[in-house]
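# Structural overview for review
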Amino acid sequence: MWSVASSSGLPAKERFDWFSDMVSREVVPTSISSERPADFEAEAAVLDLGGLRMSRLAYTPLRSRRTPALIGRSDPEQYQLALVTKSSMMMSQNGNDCIAPVGDLVLWDTSRPSDARSPSQAGPGELVVLQLPRASVPLRPRHFDRLLARRIPGGHAMAAVLTSFMKALLDNGEHCTPAQLNHLGTVAAELAAACLAQQLDAEEHLPGEIRTQALLRQIHAFIEHNLSDPELTPSVIAAHHNMSVRGLHQFFHGSNESVHARIRRRRLERCRSDLARPDLRAHPVQAIAARWGFSGPAVFSRSFREAYGLSPTEFRARTVKELCADRTPR
């Protein structure tokens with residue numbers, strides 16, 4: 001469950017010091033400054049994922065410096081990988097500088113001096129930070145030198161899979177049990193390692209199991225993004241991931257679900273969700289089926305009945321009836 005704290009309940013003069021102390025305690029000791037500390041506002045949330053943590057930090061413009069003195073006094077020895085979710089972030093470390101806009105990732109090392117800023121003219125900023133112990137990233141430290149304080153575009157390849165995962169965890173982490181969060185922490189570490197290795201062209205240095213799981217999640221994300229395309233086939237998926245169709249089928253063999261079965265199941269689940277939405281009640285059933293890539297109403301109706309025991313029209317009618325019953329005063 002997220003542990004959330006906000007400056008909103010504090011007197012204005014105490015908000016800046018509260019946030020500085022909280023970041024130093026929960027994320028990493030750092031020297032924070034603001035041009036307008038009297039107007040400062042912030043919110044922080046921390047999610048414990050077993051071997052690692054994820055933090056969400058929202059704040060009015062500030063500057064954060066990790067100095068040699070602070071490193072000497074306390075160092076968690078982590079790589080911290082941040083997803084920029086509001087405004088933009090300026091980062092300097094190891095002779096590198098970058099400006100990362102919303103949707104991109106930035107990496108830094110807590111054992112090295114760094115300087116991070118949010119431009120004052122850009123408005124309030126927000127970061128979602130994965131706090132990765134070095135042992136959780138099975139790559140040699142020297143590989144990371146050219147990635148520190150470099151913008152990692154969040155919309156491509158493994159970076160897109162990782163950013164989607166982080167956003168989903170941000171939205172749904174509070175509903176997970178501790179055991180589930182521990183598992184998700186393992187997934188987060190694997191995805192982060194795969195993302196960084198891809199940026200470095202060093203995938204071959206990752207353990208085979210991590211490479212396999214990362215590729216499988218990348219394929220799943222590609223399928224999810226292209227469900228609406230009726231031309232989505234194993235050959236298209238295989239070509240996009242530079243593998244043979246036979247290799248793709250073998251890859252899925254261990255997951256107890258074929259490529260065709262996954263595409264069909266996810267399309268049906270999306271259709272079922274849309275058919276249950278009151279705001280889409282005016283949309284014809286065939287339009288919803290086409291929206292999620294079914295080739296025709298007969299194929300969709302047969303597949304839907306096989307999966308759920310009702311025709312799409314019957315399912316929608318039952319859902320409407322149940323909704324009306326729930327709204328009827330007793």
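A short tour of the structure in this document, coming up.

What follows covers the overall build of the protein chain. Helix and strand counts for the protein chain come out as 11 helices and 11 strands. In terms of its C-alpha atoms, the protein chain occupies a principal-axis envelope of roughly 70 × 60 × 35 Å. Looking at charge distribution, the protein chain has the averaged site of its 40 positive side-chain charges lying 4 Å from that of its 35 negative ones.

Taken as a whole and assessed by the stated rule, the structure comprises nine aromatic pairs. Between phenylalanine 294 and phenylalanine 300 the ring centres are 4.9 Å apart and the planes differ by 55°, which places this aromatic pair in the tilted class. The class of phenylalanine 294 is buried, set by a relative accessible area of 11%. Among the aromatic residues, those joined into a cluster by ring pairs are Phe16, Trp18, Phe19, Phe40 and Tyr59. Its end group placed over the ring of tyrosine 308, arginine 272 keeps NZ or CZ at 5.0 Å from the ring centre.

Across the interface, helix 3 (residues 157-172) lies against helix 4 (residues 178-199) with an axial gap of 8 Å and an inter-helix angle of 155°. By the angle between their directions, the pair helix 3 and helix 4 is classed as roughly antiparallel. Here helix 3 runs over helix 4; the crossing is left-handed. Where helix 3 approaches helix 4, its residues Ala157, Met158, Ala159, Val161, Leu162, Phe165 and Leu169 are matched on the opposing element by Leu184, Val187, Ala188, Leu191, Ala192, Ala194, Cys195 and Gln198.

Another aspect to go through is the pattern of salt bridges. In this structure the tally under the stated criterion is 24 salt bridges. The closest approach of N and O atoms between arginine 112 and aspartate 145, which form a salt bridge, is 2.8 Å. Taken as a pair, arginine 112 in the loop between strand 9 (105-109) and strand 10 (114-117) and aspartate 145 in the loop between strand 11 (125-133) and helix 3 lie far apart in primary sequence, 33 residues in all. The residue glutamate 190 makes a salt bridge to arginine 217 at a minimum N-O spacing of 3.2 Å. In this pair, glutamate 190 sits in helix 4 while arginine 217 sits in helix 5 (residues 208-225), placing the two residues 27 residues apart along the sequence. By sharing partners, the salt bridges in this structure join Glu224, Glu257, Arg262, Arg265, Arg266, Glu269 and Arg270 into a single network.

A separate point is the sheet that holds strand 9. Spatially, the six strands line up as an open sheet ordered 1-3-4-11-6-9, and their pairing is antiparallel. Bordering the open sheet on either side are strand 1 (3-6) and strand 9, each of which pairs with just one other strand. Averaged over all pairs of adjacent strands, the angle between their axes in this sheet comes to 20°, without regard to strand direction. Alignment of strand 4 (residues 53-59) against strand 11, held across seven bridges, turns out to be antiparallel. Within strand 11, the position partnered with alanine 58 by the bridge is glutamate 126. Packing of helix 1 (residues 12-26) onto the sheet brings it into contact with strand 1, strand 3 (42-48), strand 4 and strand 11, and relative to strand 3 it is tilted by some 20°.

The backbone of serine 87 shows a phi angle near 65°, a positive value even though the residue is not glycine. Inspection of the secondary structure puts serine 87 in the loop between strand 6 (78-86) and strand 7 (89-93). Of note, the phi angle at asparagine 94 is positive, near 60°, even though the residue is not glycine. Its place among the elements puts asparagine 94 in the loop between strand 7 and strand 8 (96-100).

On to helix 5. Over its 18 residues, helix 5 runs 26 Å from end to end, which matches the ideal 26 Å to within 8%, given 1.5 Å per residue. Taken together, the buried positions of helix 5 are Ile210, Ala214, Leu216, Gln218, Ile219, His220, Phe222 and Ile223. In this fold, the buried residues of helix 5 make contact with helix 3, helix 4, helix 6 (234-240), helix 7 (245-253) and helix 8 (259-275).

Moving on, we get to the sheet that holds strand 10. Taken in spatial order, the five strands make up an open sheet running 2-5-10-7-8, and their pairing is antiparallel. The sheet terminates laterally at strand 2 (31-33) and strand 8, the two strands that pair on one side only. Across the sheet, the mean angle separating the axes of adjacent strands is 10° when strand polarity is ignored. One ladder, built from five bridges, connects strand 7 with strand 8; its direction is antiparallel.

On to the nonpolar core, then. Core analysis: the biggest nonpolar cluster contains 44 residues, and Leu81, Leu105, Leu130 and Leu162 have the highest contact counts within it. Of all the secondary structure elements, the ones that give two or more residues to this core are strand 3, strand 6, strand 9, strand 11, helix 3, helix 4 and helix 5. The greatest single-element share of this core, amounting to 12 residues, is contributed by helix 4. Not counting chain neighbours up to four residues away, the residues in contact with leucine 105 comprise Leu81, Ala82, Leu83, Arg150, Arg151, Ile152, Ala159, Leu162, Thr163, Met166 and Cys195. One finds Met22, Val23, Ile32 and Trp108 within the second-largest nonpolar core, a separate group that totals 26 residues.

For the rest of this paragraph, the subject is the pairing of strand 3. The element strand 3 is extensively covered by neighbouring structure, given that five of its seven residues are classed as buried. Sheet analysis places strand 1 next to strand 3, joined by four bridges and oriented antiparallel. By the bridge assignment, alanine 5 is partnered in strand 3 with alanine 44. As judged from the seven bridges shared by strand 3 and strand 4, these two strands associate in the antiparallel manner.

Analysis parameters
Residues numbered from 1 in each chain as written. Predicted model: local features only at pLDDT ≥ 70, side-chain atom pairs only at ≥ 80, totals over all residues. Heavy atoms only, no water. Helix = DSSP H or I, 4+ residues; strand = E, 2+ residues; numbered from the N terminus. Lys, Arg positive; Asp, Glu negative; His and termini not counted. Charge placed at Lys NZ, Arg CZ, Asp CG, Glu CD. Phe/Tyr/Trp six-rings, centres within 6.5 Å; stacked < 30°, edge-to-face > 60°. Buried < 20%, exposed > 50% of the residue type's maximum accessible area, 1.4 Å probe, protein only. Lys NZ or Arg CZ within 6 Å of the ring centre and 35° of its normal. Axes fitted to C-alpha atoms, helices over the stretch in contact; angles between N-to-C directions. Parallel < 35°, antiparallel > 145°, perpendicular 65-115°, else oblique. Left-handed = near helix turned anticlockwise from the far one by under 90°. Contact = heavy atoms within 4.5 Å. Salt bridge = Lys/Arg side-chain N within 4 Å of Asp/Glu carboxyl O. Pairing = 2+ DSSP bridges. Expected span 1.5 Å × (residues − 1). Core = buried A, V, L, I, M, F, W, Y, C linked by side-chain atoms within 4.5 Å.

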